[in-house]
Amino acid sequence: MDPLTPDQARRAGEQRRLRLQVLGLNSVEAEATFDRVARLAASFTQSPLAMVNFINDERQMFRGMYIPSASPDDRPNTDSGGVVFDLSEIAREAPSDYGFCPHVVAQGSQLALDDVFDYPRFRGNPLVNDMGVRSYLGTPLRDNTGMILGTVCVADTVPRTWDRKLKEGMQELTETLLSDFRLRDSLLAQQQELFAVFDGAPFPIMLTEGPNHLLRYANGKQGAAFGMIPQFSPGRHVLPGLEAVGVFKAMDDAFHSGQAATLPRASITTYDSPAPQDFSFLCTPVRTSPAAPISGVLTVAMDITGQPYAGSEQRVFAANVQERFERLGTAGVPGMGNADFSR
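Residues numbered from 1 in each chain as written. Predicted model: local features only at pLDDT ≥ 70, side-chain atom pairs only at ≥ 80, totals over all residues. Heavy atoms only, no water.

A separate point is the packing of aromatic side chains. In this structure the tally under the stated criterion is 11 aromatic pairs. Seen in terms of ring centroids, Phe 100 and Phe 122 are 5.6 Å apart; in terms of plane orientation they differ by 90°. Their pairing is edge-to-face. A residue pair is termed long-range when its members are at least 10 positions apart, and Phe 100 in the loop between β3 (93–95) and α3 (101–107) and Phe 122 in helix α4 (residues 120–123) qualify at 22 residues. Exposure class is identical for Phe 100 and Phe 122. Each is buried. An aromatic cluster of three or more residues is present, and its members are Phe 100, Tyr 119, Phe 122 and Tyr 136. It is Arg 123 that lies over the ring of Phe 117; its NZ or CZ is 5.0 Å from the centre. Geometry around Phe 117 places Arg 134 over its ring, the cationic atom sitting 4.0 Å from the centre. (Phe/Tyr/Trp six-rings, centres within 6.5 Å; stacked < 30°, edge-to-face > 60°. Helix = DSSP H or I, 4+ residues; strand = E, 2+ residues; numbered from the N terminus. Buried < 20%, exposed > 50% of the residue type's maximum accessible area, 1.4 Å probe, protein only. Lys NZ or Arg CZ within 6 Å of the ring centre and 35° of its normal.)

Right, here's the structure in full:
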């Protein structure tokens, strides 16, 4: 494969970022599925370091990782030429040009380095000095559409031979993640059914993703009241009015505690009213299944101007939606098509 031009590499990185955002993978949060694959890769290849690495146009994100513990028993054998490095505090992200994984993504094929020092192109890589890596095997990680999103890789602190069996095994292990990507696309399609229902709601609704509250969805009332913003924008930066009255603090509480959080009353000037309005905000953490980690926050705003307190509709609605999100991928979204938001 011919090397990409800088402009082609930039566009490819942007496309990966957009795809990772859609899949909910454009962040560094650990995920059990990917940690398990990294652990299997380390076990299968008898390597001290393994990662499931997603790469966008700005950084690498190690959502799956296996590293040796700080125990001396888990450290490399210096008699074989290895150097003792404490790998127990490796960060789950790195610059987009760090290490060998970007080369795997750029060339679109497996990269096996039996001894990094045999390759002048690679021996000066900071991964060698920072982590003592002497050998590396990286496999392109493709999604169900064929797009390369990153790598599944293993590395060792001593030179070693990556034979055909190990290379084929790593390829097969990487392909097991195709089912995860298919499931994510299926869940996204079902989410769209929910969003179609939200579009008809007479009160503002937004769904944000991750601890930085990137906007995943906003219905028409949300945009009319608080402002239209691009998808995947960092909410608290592009919705300063909601940040100023404490909505994003309540969203932080919901995301990190796993419990619904309420901002009982906040006065805010909206785009669709000349006078300040009083709103009650309910922020509900969202999981795509009961056992899944929290992926985002559903925020529902009710106009309570002139009312002593918010009614029960808001909580009933949010609980109903949370239940539907947890059914995604299993029972679908039955009954939501008949939801009544007219009252």
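Time to look at the pairing of strand β2 (residues 59–66). Counting buried positions along β2 yields 6 of 8 residues, so the element is predominantly enclosed. The pairing of strand β1 (residues 49–55) with β2 spans 6 bridges and is classified as antiparallel. From the neighbouring strand, Ala 50 faces β2, where its bridge partner is Tyr 66. As judged from the 3 bridges shared by β2 and β3, these two strands associate in the antiparallel manner. Looking at β3, one finds that Gln 60 is bridged to Ala 94. (Pairing = 2+ DSSP bridges.)

If you trace the 5 strands from one edge of the open sheet to the other, you get β8-β7-β11-β10-β9, paired in antiparallel fashion. A single partner strand is all that each edge strand has here, and the edge strands are β8 (214–218) and β9 (261–268). Across the sheet, the axes of successive neighbouring strands diverge by a mean angle of 25°, strand direction being ignored. Across 8 bridges, strand β10 (residues 277–286) lies against strand β11 (residues 296–303) in antiparallel orientation. (Axes fitted to C-alpha atoms, helices over the stretch in contact; angles between N-to-C directions.)

The first and last C-alpha atoms of helix α1 (residues 6–23) sit 26 Å apart over 18 residues, in line with the 26 Å expected at 1.5 Å per residue. If you check which residues of α1 are buried, you get Gly 13, Arg 16, Arg 19, Leu 20, Gln 21 and Leu 23. Positive phi shows up at Gly 24, right after α1, with a value of about 75°. (Expected span 1.5 Å × (residues − 1).)

This part covers the packing of helix α2 (residues 32–45) against helix α6 (residues 164–175). The geometry of a pair of packed helices is captured by two quantities: the angle between their axes and the separation between those axes. The geometry of α2 relative to α6 is characterised by a closest axis approach of 10 Å and an angle of 165° between their N-to-C directions. Viewed along their axes, α2 and α6 adopt a mutual orientation that is roughly antiparallel. As for how α2 packs across α6, the hand of that crossing is right-handed. In contact with Val 37, Leu 40, Ala 41, Phe 44 and Thr 45 of α2, α6 contributes Lys 165, Leu 166, Gly 169, Met 170 and Leu 173. Of the residues assigned to the contact of α2 with α6, the class counts are 7 nonpolar, 2 polar and 1 charged. (Parallel < 35°, antiparallel > 145°, perpendicular 65-115°, else oblique. Left-handed = near helix turned anticlockwise from the far one by under 90°. Contact = heavy atoms within 4.5 Å. Nonpolar A, V, L, I, M, F, W, Y, C, P; charged D, E, K, R; others polar.)

Before going further, it helps to examine the pattern of salt bridges. Pairing between side chains of opposite charge can happen when the charged atoms of each approach one another. All told, the structure shown has 19 salt bridges when counted by the stated rule. Between Glu 31 and Arg 63 there is a salt bridge, with its nearest N and O atoms 2.6 Å apart. Pair noted here: Glu 31 is in the loop between α1 and α2 and Arg 63 is in strand β2, with a separation of 32 residues, a long-range link. There is no split in this pair, since Glu 31 and Arg 63 are both buried. For Asp 115, the salt bridge is made with Arg 134, and the minimal N-O distance between the two is 3.0 Å. In this pair, Asp 115 sits in the loop between β4 (111–113) and α4 while Arg 134 sits in the loop between α5 (126–131) and β5 (135–142), placing the two residues 19 residues apart along the sequence. Note on accessibility: Asp 115 and Arg 134 belong to one class, buried. (Salt bridge = Lys/Arg side-chain N within 4 Å of Asp/Glu carboxyl O.)

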